[in-house]
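# Results of the structural survey
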Amino acid sequence: MLLLTVACAALGAEDAATGSGKKLFSFGILESGSWAEEGNLVNRLDFSLYAPWSLRLRGQLTDRRPTPPWEYPDDGISAVGTALYHKSTGSRLVYGLIETRGLLNRTRNVWSHSAPWFESHSLSTADLKTSPGEMESANTYIALLSPALGPVNASFSVQLDGNANAIFTGGAGARLPFNSNVRLEGLVTERQIDERKNDSWFSDKPYLPERKLRFYALNATFTNRYFCFAGDFAHSEMFAWGDGIYTNVSLRAGPGPWRFSFAADGSDSRFSGADGSIPGAGFRSAAKFEWEGSRNMLFRVSSTLRSASIQKPFDRNLTNVYFRFPLDKRLPVRINRISLSMERDAQSWEKIEDSLSLSTAFSAGPVRPNFSLNLNQHTAAKIGDRINPFPDYTAKHEFDSLKLSGGLSCRLLFVSLNGTINYTLTDKKAPLVTSSISASVSGKLGRIGLKLSSDAKTGDWSYTLSWKFQKTF
């Protein structure tokens, strides 16, 4: 709690008198964290110095340790980071635990991400992580972005870890006629991968010696009011494992309040991410339709199909339907949104898993109730049967689990109140009931909140205290 005490003392100080002129320098401080009774004490202290020429110097200290901390003095994890930013161009120099975004992330652990929609193809960048992590080492990240030189701009970045492994990224963009833009980006890295030992005598993953990995990736993006395109291509070459390829493409079209999107990606079994992770072979295809109406109305429907490879039939599907109702404050009670999710996993014909999720939210004056339902079932097919990748709720299923959830939120002046209750019924197990209640107070300096949660098995209650304070001088 020392960081919290220091931050509160600083936040309580009055701003220095600077007259009517604009400040040459300004100083910002942020302190945030949480204390979980049966978890961890997490703290983040962030200082920023804002200087002329759009410069910002930042220092950050993050810390995590079991609670209560005085009982575990040697079990904490701390991380120090610093960064220098140039706001006008986006250039930066960062040292510490790095969180990356862009091309590197999109080509790593590819099946843990959602479908590669056009919106996900953001420009590559990196920044300090806001929480410490185990088994992580500090990295250095340098990014230089040029201002617009006529219709063209360019960028270059390099990321170095403690073992001198480097990831080089470079790109260029240009403005085209008819309000169009094009961007090209490339990434290259080479590194040594530690040996992979067998977890057991009959391990599914074979032993691999220490080996060298070469990794290349490219991105192309085109944007226009009526049509947008983005695609990634990645190639990995790993000694004692082989060469692999991953690629994705996405399209988006729609001149007005509606948009249609398509996305597809696939990889072979020998493809490896830049960090040496092997996601495995697979193919995915997805489509989405969106319609934005007046008074914040939104309708969206999307469906994603997956298979073990491009030559094999689809055996997994996720379909989502979402509708946000037009805002009408004249109604005392109104539906805010409703969403439906249907999912099937038919990788094993002996157990085809189907799930259904439904949620809705309302408004009744200052009170906002919400409800959700999650149903999981499974069925089976016979050898030789054609597998339908879409859920079939008319077939005879065996029950797995049902979860019913309800929540209530209310804001009174500067106080926000929230309460939830969950009822979970699992096959051949006793029902579980969990609940929580929380309150938070917000003001000019930040927010502080308290959450009480019940344990489903013991019925005991535990608390979590969270806070965030921020001020610029």
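Now for a description of the structure that goes with this document. (Residues numbered from 1 in each chain as written. Predicted model: local features only at pLDDT ≥ 70, side-chain atom pairs only at ≥ 80, totals over all residues. Heavy atoms only, no water.)

## Examining a negative patch on the surface
Our working rule: By definition, no residue in a patch forms a salt bridge, and every one has over 30% relative accessible area; like charges are joined within 9 Å, nonpolar side chains (Val, Leu, Ile, Met, Phe, Trp, Tyr) within 5 Å. Only the protein chains shown count as cover for residues, with accessible areas throughout obtained via the Shrake-Rupley method and a probe of 1.4 Å. Criterion for a salt bridge: a side-chain nitrogen of Lys or Arg within 4 Å of a carboxyl oxygen of Asp or Glu. Residues scored as charged are limited to Lys and Arg (positive) and Asp and Glu (negative), so that His and the chain ends carry no count. Here the site of a charge means NZ on Lys, CZ on Arg, CG on Asp, or CD on Glu. Secondary structure elements follow DSSP: runs of H or I no shorter than four residues count as helices, runs of E no shorter than two count as strands, and numbering proceeds from the N terminus. With a 1.4 Å probe rolled over the protein chains alone, any residue whose accessible area is under 20% of its type maximum counts as buried; one over 50% counts as exposed, and the rest are partly exposed.
There is a patch of like negative charges on the surface, built from Glu37, Glu38, Asp455 and Asp460. Relative to the helices and strands, Glu37 resides in the loop between β1 (26–36) and β2 (40–51). Given the relative accessible area of 34%, Glu37 is considered partly exposed.

## Regarding the pattern of salt bridges
Taken as a whole and assessed by the stated rule, the structure comprises 19 salt bridges. For Arg284, the salt bridge is made with Asp265, and the minimal N-O distance between the two is 2.7 Å. Of the two residues, Arg284 is situated in strand β16 (residues 282–292) and Asp265 in strand β15 (residues 258–267); the sequence distance between them amounts to 19 residues. Counted as one network, the salt bridges with shared partners bring together Arg44, Asp46, Arg58, Arg92 and Asp127.

## A few points about the pairing of β15
Test applied: Here, a strand pair is defined by DSSP locating no fewer than two bridges between the strands.
Judged by how many residues are buried, β15 sits mostly within the fold: seven of ten residues are covered. Here strand β14 (residues 242–253) folds back onto β15, and the loop between the two strands holds four residues, one of which, Gly254, carries a positive phi near 150°. Sheet analysis places β15 next to β16, joined by ten bridges and oriented antiparallel. Bridge assignment links Ala263 to a residue of β16, and that residue is Ala286.

## Concerning the nonpolar core
Here is the rule: Take the buried Ala, Val, Leu, Ile, Met, Phe, Trp, Tyr and Cys residues and link them wherever side-chain atoms come within 4.5 Å; each set so joined is a nonpolar core. Residues are treated as being in contact if the distance between any of their heavy atoms lies within 4.5 Å.
Counting twelve residues, the largest nonpolar core consists of Leu103, Leu104, Val110, Trp111, Ile167, Leu187, Phe215, Ala217, Ala234, Tyr246, Phe271 and Ala274. The set of elements that each furnish at least two residues to this core consists of α2 (103–106) and β12 (211–223). Look past the residues within four positions of Leu104 in its chain and what remains in contact with it is Ser124, Gln159, Ile167, Leu187 and Ala274.

## Comments concerning the side chain of Thr189
Put simply, the rule reads: Here a polar contact is taken to be a pair of N or O atoms separated by no more than 3.5 Å, where protein atoms must pair a possible hydrogen donor with a possible acceptor and residues adjacent in sequence count only if both atoms sit in side chains.
Within the fold, Thr189 resides in strand β11 (residues 180–193). Taking relative accessible area as the criterion, Thr189 reaches 5% and is therefore assigned buried. In this structure the side chain of Thr189 is engaged in a polar contact, spanning 2.7 Å, whose partner is the backbone oxygen of Ala166. In this structure Thr189 touches Ala166, Ile167, Leu213, Arg214, Phe215 and Ala274, once residues within four positions along its chain are discounted.

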